Amino acid sequence: MKRTLRIGRPSKRTLLYAGMVVIVALAVGFGLDSVFATSGNSASVTQTATVARGTVQSVQTASANVASSTTTSLSFSTSGTLTAVNVAVGDKVTAGEKLATINASQARQNLASAKTALASAQQNLTDAQAGGSSSQLAQNQANLSSAQLTLKSDEQQLTTDEQALATAKSRLKTDEALGCPAATSSSSSSGASSSSSSGASSPSSSGASSSTGGSTSSGGSTQSSSSGGSAHQAAAGGGASAQASATTESASGISTTGATLNGLLNPGGVDTTYYFQYGTTSALGSSTSSVDAGSGTSNQSVSASIAGLATGTTYYFQLVISNSGGVTYGGEQSFTASSVPSATTGSAASATTTAVTLTGTVNPGGEPTTYSFEYGTTSKLASSTTAKSAGAGSSDVSVSEVVTGLNPNTSYVFRLVATSSLGSATGVTEAFATAETSCASDRSTITTDKQTVSHQRLTVAQQSQSIAATQAGDAVNSATVSQDQATVSQDQATVNSDEQALSATTLIAPVDGTVTAVGGSVGESVTGSSSASSSNGASSSSGSGSSSAAGSGSAGASSSSGSGASSSSSSSGFITIENLNRQDVVAGFPEADISNIKVGDTATVSFSALTNVSVEGTVTAVAPTSTVSSNVVTYNVTVSLSDPPSSVRLGMTANVDVIAATRTNVMIVPNSAVTTTGNASTVTLLQNGKQVTRQVVIGLVGSSETEIVSGLSVGDIVVESTATSSTSTSSTTSTGGGAALRSGFGGGGGFPGGGGLGG
């Protein structure tokens, strides 16, 4: 059976596609034959390129890791227990934000104590600049007024004594005119007048006014208390707690150089220490050692012994307790160190022809003291009364003794003597005469009145000195002011230091950033250290040698021969903050390449973990010193990344290509077309089917293209390396690449020879 095959008429579109396929197949076949001279056997193929204009870039390559441009490591400057950690890893923080705190109770207590001491020192300085505290100034004014009244009284007494002396002299003249009749009680003067002074001067004076006759001593020990407290107590601003209390009690065991200070305290259930402050003024200035009084709730007596006191000097003191609630001051007390007794010879009264009453004043000075009168007709004072007790007080004691067996109408001298275990005191020598005639009595009265006037004048002078001393007490003491100013400065420095210590218990963020590490949690202890901030924490690795890429359409790629190994160090701070918005790569470049890299060069950074992701960057720093590892010398180069995508993370391995040099619109040929021997470079031209060697001057050399400065022209055909091809494998081996146009065998103008499509 005959079968008829019917063939449909093809469409125009089908014919067009078929024609295009035939043309492409012929072109490919012709091109492969022309370029590779394919045959059944391996054959030698000459690879050529056309000189063209393009761009040559010199690229230096190295590997490193991505890191934050700024890493700040923070630590507490003091040790303590964490009471709060306000951030966690990944949190964003701003500068000034509170990050963490440690226990600050001790720091607050220290600051409170320092401020209390400063307030006290400032009050002392204010008092010193004013000449004393308000209470002291008021007391001094009262003392001054009293002393002025006493002076007026003493001056009136002096006038009376001078009048008595004048009367005695007048009576003597009268009795002499009468032939000195026997003395009668009416013929004599009233005797030595007594001073109207109370015998004590202003408290601010060290001396004491005395009545007639006798010398004065500095007096014995005395004690006084102040119910209103001191300036120190006022400055304290309250007690240590609601229950704690301190009471200053009288001193005991007072001697010439020492005493025992006593007080009563109640710790109020809080561990409490105590000490005594003391000094020669209400400003105090000295203190005993601090002693632990425990934490009881009942009153307990405490004491402390002090030594090295000045004999006869008045001291002020107070008890001070301190606990967690603050500082409490007891009231202020005073005492006077013991001294040798004083003796003031008085007058001879009720003198008869054979007897007289001798008087005087004794101050025992705080020690058991006896007294007696020495007398005689000459200064040797051959006789003495029996010693009697004057007690052991610290105030003046009036004493007297009747002396009998005297010779009538005879002049005698006498003095008062006081004796204790600390020594003896002798009053001035006074005189008296026994009665016999009126004239003798008158003369005795005159002598006594003269002495009274003399002594009263001395009393007036002493009282005037006392007033001057009181007025001087109101004057500003520059030495005290300077000392108080130094104390204020020292206490202010302590307050400043304690404020810094309190501030150090809180960790504050110094910069904006993201928390990348936190070294502890609440309840844990931290050790104080100084905070440290470091930048560019990226580690670097040694890079390859230089490579290049052409800019006229070449597909040539650079590669790195470096190991790519890197290491990084972790922060040792308690909290680490990093700026994740700015990232850097610090790469180590070989010493042979570093001279070609400078700040401002453009760089391209790719990442091993991110395919087809590259980021532009700029060289921001070139290390001036080298890093040597395994005898390999490199220099660190910092590249700052420009707007990296979020997929780029810290620590990623990065390959850095730094464009060290660029030549644009220059003649270029493949590197494989240039032969350089010494300083001379040549190329092989293909002219009219013949190869001709020509010397050229080269410029910038990249990894695949070389700049031709002179010796060639655009369009010249140059011979590259020799390649082999085989029809059995259809493989090609060649070197080079770049923007220069490739041509086929013979360099003709057809496809794919010279002037055709670029290889």
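The model shown is predicted, which means the values in this text are computed figures rather than measured ones.

> So what's going on with the overall build of the protein? Which residues, and what values?
Tallying secondary structure elements over the protein gives six helices and 43 strands in all. Counting all 759 residues of the protein, 40% fall into the buried class. As displayed, the protein offers around 37300 Å² of accessible surface, 49% of which is attributable to carbon and sulfur atoms.

> Describe the nonpolar core, naming the residues involved and giving the relevant values.
Core analysis: the biggest nonpolar cluster contains 23 residues, and Val-585, Phe-589, Val-605, Phe-607 and Val-656 have the highest contact counts within it. For this core, the secondary-structure elements that each account for two or more residues are strand 2 (52-68), strand 32 (583-590), strand 33 (602-607), strand 34 (610-622), strand 36 (632-641) and strand 37 (653-670). Counting residues per element, this core draws most heavily on strand 36, which supplies four residues. Those residues in contact with Phe-589 that lie beyond four places of it in its chain are Gln-60, Thr-61, Ala-62, Ile-594, Ile-597, Val-633, Thr-634, Tyr-635, Val-637, Val-656 and Val-658. Within the second largest apolar cluster, 20 residues are counted, among which are Leu-265, Ala-293, Ile-306 and Ile-321.

> How would you sum up the packing of helix 2 (residues 105-130) against helix 6 (residues 478-503)? Please name residues and give values.
For any two helices packed against each other, one specifies the crossing angle of their axes together with the interaxial distance. Packing of helix 2 against helix 6 leaves a shortest axis separation of 8 Å and a crossing angle of 160°. In terms of their interaxial angle, helix 2 and helix 6 are classed as roughly antiparallel. Pair helix 2 / helix 6 crosses with left-handed handedness. The residue makeup of the contact of helix 2 with helix 6, split by class, is 13 nonpolar, nine polar and six charged.

> Describe the sheet that holds strand 9 (residues 259-266), with residues and values.
The sheet built from three strands is open, its strands ordered 8-9-13 with antiparallel pairing. Of all the strands in the sheet, the pair left with one neighbour each is strand 8 (245-252) and strand 13 (300-306). Strand-to-strand twist in this sheet, taken as the mean axis angle between neighbours without regard to direction, amounts to 25°. Pairing of strand 9 with strand 13, which is carried by seven bridges, proceeds in the antiparallel orientation.

> Run through the sheet that holds strand 18 (residues 356-363), naming residues and quoting values.
Strand order across the open sheet formed by three strands is 17-18-22, with antiparallel pairing between neighbours. This sheet does not close on itself; its edge strands, each paired only once, are strand 17 (342-349) and strand 22 (397-403). Sheet twist, expressed as the average angle between the axes of neighbouring strands with direction ignored, equals 25°.

> Break down the side chain of Thr-248 for me, with residues and values.
Counting through the fold element by element, Thr-248 comes out in strand 8. Within the structure, the side chain of Thr-248 is placed 3.0 Å from the backbone nitrogen of Leu-319, a separation counted as a polar contact. Apart from residues no more than four positions distant in its own chain, Thr-248 is found in contact with Asn-262, Gly-263, Phe-317, Gln-318, Leu-319, Gly-330, Gly-331 and Gln-333.

> Summarise the packing of aromatic side chains; cite the residues concerned and give the values.
Using the criterion set out here, one finds eight aromatic pairs in the structure. Taking the centre distance of 5.8 Å and the plane angle of 20° together, the rings of Tyr-315 and Phe-335 count as stacked. Here Tyr-315 is found in strand 14 (residues 314-323), whereas its partner Phe-335 is found in strand 16 (residues 333-336), with 20 residues between them in sequence. Looking at Tyr-315, the relative accessible area reads 8%, which means it is buried. Taken together, a centroid distance of 6.4 Å and an interplanar angle of 50° make the contact between Phe-373 and Phe-414 tilted. Of the two residues, Phe-373 sits in strand 19 (residues 369-376) while Phe-414 sits in strand 23 (residues 411-420), which places them 41 residues apart along the sequence. Overall, the relative accessible area of 0% leaves Phe-414 in the buried class. Three or more aromatic residues joined by ring pairs make a cluster, and in this case those are Tyr-371, Phe-373, Tyr-412, Phe-414 and Phe-432.

> Report on the environment of Val-93, specifying residues and quantitative values.
When you line up the elements, Val-93 lands in strand 5 (residues 92-93). If we skip the residues at most four places from it in the chain, Val-93 touches Val-87, Leu-99, Ala-509, Val-511, Asp-512, Gly-513, Val-515 and Ile-577.

> Describe the pairing of strand 19, and please don't skip the residues or the numbers.
Strand 19 sits mainly inside the fold: six of its eight residues count as buried. Of the pairings in the sheet, the one linking strand 19 to strand 21 (residues 388-391) comprises three bridges and is antiparallel in character. By the bridge assignment, Tyr-371 is partnered in strand 21 with Lys-388. Where strand 19 and strand 23 come together, seven bridges link them in antiparallel fashion. Along strand 23, the bridge assignment pairs Tyr-371 with Ala-418. Across two bridges, the pairing between strand 19 and strand 20 (residues 383-384) is antiparallel. Bridge pairing in strand 20 places Tyr-375 opposite Ser-383. Here strand 19 folds back onto strand 20 in antiparallel fashion, the turn holding six residues, of which Leu-381 has a positive phi close to 50°.

> Summarise the pairing of strand 17; cite the residues concerned and give the values.
In terms of burial, strand 17 is a largely internal element, six of the eight residues being buried. Where strand 17 and strand 18 come together, six bridges link them in antiparallel fashion. Among the inter-strand pairings, Ala-343 is bridged to a residue of strand 18, identified as Val-362. With antiparallel pairing between neighbouring strands as the criterion, strand 17 and strand 18 make up a hairpin whose turn holds six residues, including Ser-350 at a positive phi of roughly 55°.

> Account for unusual backbone geometry, with residues named and values stated.
It is generally the case that most residues other than glycine have a negative phi and that most peptide bonds are trans. Of note, Leu-284 is a non-glycine position whose phi angle comes to about 60°, a positive value. Here Leu-284 shows up in the loop between strand 10 (272-279) and strand 11 (286-287). When its relative accessible area of 10% is taken as the criterion, Leu-284 is described as buried. For Asn-631, which is not a glycine, the phi torsion comes out positive at approximately 65°. One can find Asn-631 in the loop between strand 35 (627-629) and strand 36.

> Before we move on, could you go through the environment of Asn-262 and cite the residues and values that matter?
Within the secondary structure, Asn-262 is located in strand 9. According to the relative accessible area criterion, Asn-262 is buried, its value standing at 16%. In sequence terms Asn-262 and Ala-304 are 42 residues apart; their C-alpha atoms lie 6.8 Å from each other. When residues no more than four places from it in sequence are discounted, the contact partners of Asn-262 are Thr-248, Glu-249, Ser-250, Ala-251, Ser-252, Phe-276, Val-302, Ser-303 and Phe-317. Here Ser-252 takes part through its side chain, which lies 3.0 Å from a polar atom of the side chain of Asn-262.

> Outline the pattern of salt bridges, supporting the account with residue identities and numerical values.
Taken as a whole, this structure holds six salt bridges when the rule is applied. For Lys-388, the salt bridge goes to Glu-401, with nearest N and O atoms at 3.1 Å. In this pair, Lys-388 sits in strand 21 while Glu-401 sits in strand 22, placing the two residues 13 residues apart along the sequence.

> Run through the environment of Thr-664, naming residues and quoting values.
Tracing the sequence through the fold places Thr-664 in strand 37. With relative accessibility at 55%, the residue Thr-664 sits in the exposed group. For the pair Thr-664 and Gln-57, spaced 607 residues apart in the sequence, the C-alpha separation amounts to 8.5 Å. Excluding its chain neighbours within four sequence positions, the residues that come into contact with Thr-664 are Gly-54 and Thr-55.

> How would you explain the confidence of the model for the protein if you had to name every residue and give the values?
Per-residue confidence for the protein averages 77 on the pLDDT scale, and 74% of its residues sit at or above 70. Note that residues 186-222 has pLDDT below 50 and, in this model, 118 contacts with residues that lie over four places away or in other chains. Note that pLDDT drops below 50 for residues 741-759; the model gives that stretch 48 contacts with residues more than four away or on any other chain.

Rules behind the numbers
- Counting from 1, residues in each chain are numbered in the order their sequence is written.
- At least 70 in pLDDT is required for a residue's local features to be given in this predicted model, at least 80 for side-chain atom pairs to be given and counted, and no such filter applies to totals for whole chains, interfaces and linings, which use all residues.
- To obtain the side-chain values, all non-hydrogen atoms of the structure were used and water was disregarded.
- Here a helix means four or more residues in a row that DSSP labels H or I, a strand means two or more in a row labelled E, and each is numbered from the N terminus.
- Only protein chains enter the accessibility calculation, which uses a 1.4 Å probe; a residue is then buried when its area is under 20% of its type maximum, exposed when over 50%, and partly exposed in between.
- For every accessible area listed, the method is Shrake-Rupley and the probe measures 1.4 Å; residues are considered covered only by the protein chains on display.
- The set of buried Ala, Val, Leu, Ile, Met, Phe, Trp, Tyr and Cys residues whose side-chain atoms join them within 4.5 Å is what this entry labels a nonpolar core.
- Whether two residues touch is decided by their heavy atoms; if any such pair falls within 4.5 Å, the residues are in contact.
- Lines fitted to C-alpha atoms define the axes here, with helix axes fitted over just the stretch in contact, and angles between the N-to-C directions of these axes take values from 0 to 180 degrees.
- Throughout this description, any angle smaller than 35 degrees is read as roughly parallel, any larger than 145 degrees as roughly antiparallel, any in the 65 to 115 degree range as roughly perpendicular, and the remainder as oblique.
- Crossing chirality is assigned from the near helix's rotation relative to the far helix, an anticlockwise turn below a right angle marking it left-handed and a clockwise turn marking it right-handed.
- Here the nonpolar group is Ala, Val, Leu, Ile, Met, Phe, Trp, Tyr, Cys and Pro; Asp, Glu, Lys and Arg are the charged ones; every other residue, Gly included, is treated as polar.
- Pairing between strands requires that DSSP locate at least two bridges from one strand to the other.
- Residues adjacent in sequence count toward polar contacts only when both atoms are side-chain atoms; beyond that, a polar contact is any pair of N or O atoms within 3.5 Å, and within protein one must be able to donate a hydrogen and the other to accept it.
- Two rings from Phe, Tyr or Trp (for Trp, the six-membered ring) form a pair when their centres are within 6.5 Å of each other. A pair whose planes differ by under 30 degrees is stacked, one over 60 is edge-to-face, and the rest are tilted.
- Salt bridges are counted wherever a side-chain nitrogen of Lys or Arg sits within 4 Å of a carboxyl oxygen of Asp or Glu.
- A score between 0 and 100, pLDDT records how confident the predictor is in each residue.

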